[in-house]
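Geometric and topological summary
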Amino acid sequence: MRLLSKCASAALAAVFLCPFLCPFPALSAGVEFVDEVGSASVFAPSALDAERAFDAFGSYGAQGLAVLAGRRIAVEIDLAASPGFSLDAVGDRREARYRMAFNNVAEGWNWQPLADPQKEDYYRAKFLPLKSVTVERGDYDGQDKIGVTQRMKVTWRYDYFLSFDNLYDFYARGGDDDAGFVAPLPPGQNGEVRMLAIARLSEPYLSESTTFWKATYGKPTDFTLKKRYLHGRLEAVLFYDRKDGRILGQVR
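Residues numbered from 1 in each chain as written. Predicted model: local features only at pLDDT ≥ 70, side-chain atom pairs only at ≥ 80, totals over all residues. Heavy atoms only, no water.

Below, the discussion takes up the overall build of the protein. Tallying secondary structure elements over the protein gives 3 helices and 9 strands in all. Ordered by position from the N terminus, the helices and strands of the protein form the series α-α-α-β-β-β-β-β-β-β-β-β. Here the protein holds 252 residues, and 40% of them are scored as buried. A fraction of 70% describes how many contacts in the protein between residues 6 or more apart in sequence connect residues 24 or more apart. (Helix = DSSP H or I, 4+ residues; strand = E, 2+ residues; numbered from the N terminus. Buried < 20%, exposed > 50% of the residue type's maximum accessible area, 1.4 Å probe, protein only. Contact = heavy atoms within 4.5 Å.)

Right, let's talk about the packing of aromatic side chains for a bit. Going through the model one piece at a time under the given rule, you end up with 13 aromatic pairs. Relative to F161, the ring of F127 lies with its centre 5.2 Å away and its plane at 75 degrees, an arrangement referred to as edge-to-face. One end of the pair, F127, is in strand 4 (residues 126-145); the other, F161, is in strand 5 (residues 148-164), and 34 residues separate them in sequence. When the centroid spacing of 5.7 Å and the interplanar angle of 45 degrees are considered together, the rings of W213 and F223 count as tilted. Here the residue W213 occupies a position in strand 7 (residues 193-213), and F223 occupies one in strand 8 (residues 221-241), the gap between them amounting to 10 residues. Residue classification places W213 among the partly exposed positions, given a relative accessible area of 44%. Chaining the aromatic ring pairs together yields one cluster made of W109, F127, F161 and Y229. (Phe/Tyr/Trp six-rings, centres within 6.5 Å; stacked < 30°, edge-to-face > 60°.)

Topologically, L185 is positioned in the loop between strand 6 (180-184) and strand 7. Between the C-alpha atoms of L185 and D92, which are 93 residues apart in sequence, the distance is 10.0 Å.

Here the amide bond leading from E203 into P204 is cis, since omega sits at 0 degrees, within 30 degrees of zero. Here P204 is to be found in strand 7.

Take the sheet that holds strand 2 (residues 85-90) next. The 3 strands lie next to each other as 2-3-6, forming an open sheet whose pairing is antiparallel. Taken across any chain shown, the strands that pair with only one partner, and hence form the sheet edges, are strand 2 and strand 6. Averaged over neighbouring strand pairs, the angle between their axes works out to 20 degrees when direction is ignored. Bridge count for strand 3 (residues 93-99) against strand 6 is 5 bridges, and the pairing is antiparallel. Paired with R99 across the bridge in strand 6 is G180. (Pairing = 2+ DSSP bridges. Axes fitted to C-alpha atoms, helices over the stretch in contact; angles between N-to-C directions.)

In terms of nonpolar packing, the biggest core is built from 46 residues, with F57, Y98, F181, M195 and F239 touching the most fellow members. Those residues in contact with M195 that sit more than four places away from it in its chain are V75, E76, I77, L79, Y98, L128, F181, V237, L238, F239 and Y240. Counting 10 residues, the second-largest nonpolar core is a separate cluster that includes A44, A74, L196 and I198. (Core = buried A, V, L, I, M, F, W, Y, C linked by side-chain atoms within 4.5 Å.)

Here E95 is to be found in strand 3. Engagement of the side chain of E95 in a polar contact is seen with the side chain of R97, the distance being 3.3 Å. In contact with E95, not counting residues within four places along its chain, are S86, L87, D88, V90, V182, A183 and P184. (Polar contact = N/O pair within 3.5 Å; in protein donor to acceptor, adjacent residues only side chain to side chain.)

Another point: the environment of D139. Within the element layout of this structure, D139 appears in strand 4. Sequence spacing of D139 and D222 is 83 residues, and the spatial spacing of their C-alpha atoms is 8.9 Å. Other than its neighbours up to four places away in sequence, D139 contacts R151, M152, K153 and V154. Polar side-chain contacts of D139 include one of 2.9 Å to the side chain of R151.

Written as structure tokens, this is what we have:
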């Protein structure tokens, strides 16, 4: 009986101590953090999958998220969803430019109604788009127009972002719509350019908002949009060659 009691105590201890002994369960789900990427680095680090990371970090619970403090991540920016990105010819080379004038997080938690527009922004946190995932969730018979039955679709979309509030560590605040991350690229480089952001995770680490549009006669689709944010302090922006991962330019 005494042996059984000791075994039971050990089992209970393992259950309660596991969150402390294994503080990063997301690592087993394929979520990777990165070491420091110095200015002399040649190749871009592997990017975190925003969808997988959000799901994994969400499993920590409110208190468990504290283990993420200061952990560094690399995330790839969705340039297809970035109208402010351009590659411009400058002499014998190209210049990568990512404009940030309109990348404001418009969620209620980011409003600053009393902000002095001469000194600070109404929307403090800015965003970089990471990924968008659309999920079709079936359909049903419904009526928006009296007497007319339609087949209504159900669609959900998940948009993932990196949000940060230290944009002006990278350039002076001003009213120039072209202001943003700018880096000259090496001469003769004509391959596909991609963009990574390096950030250290910080509170509140994760946030999510939900907006719903009910199906109508003209648009027979129930549409749910979930915006999901990974929060951090931005450290660097890297532009790299898609083919070999070589870093072409960076902003720190």
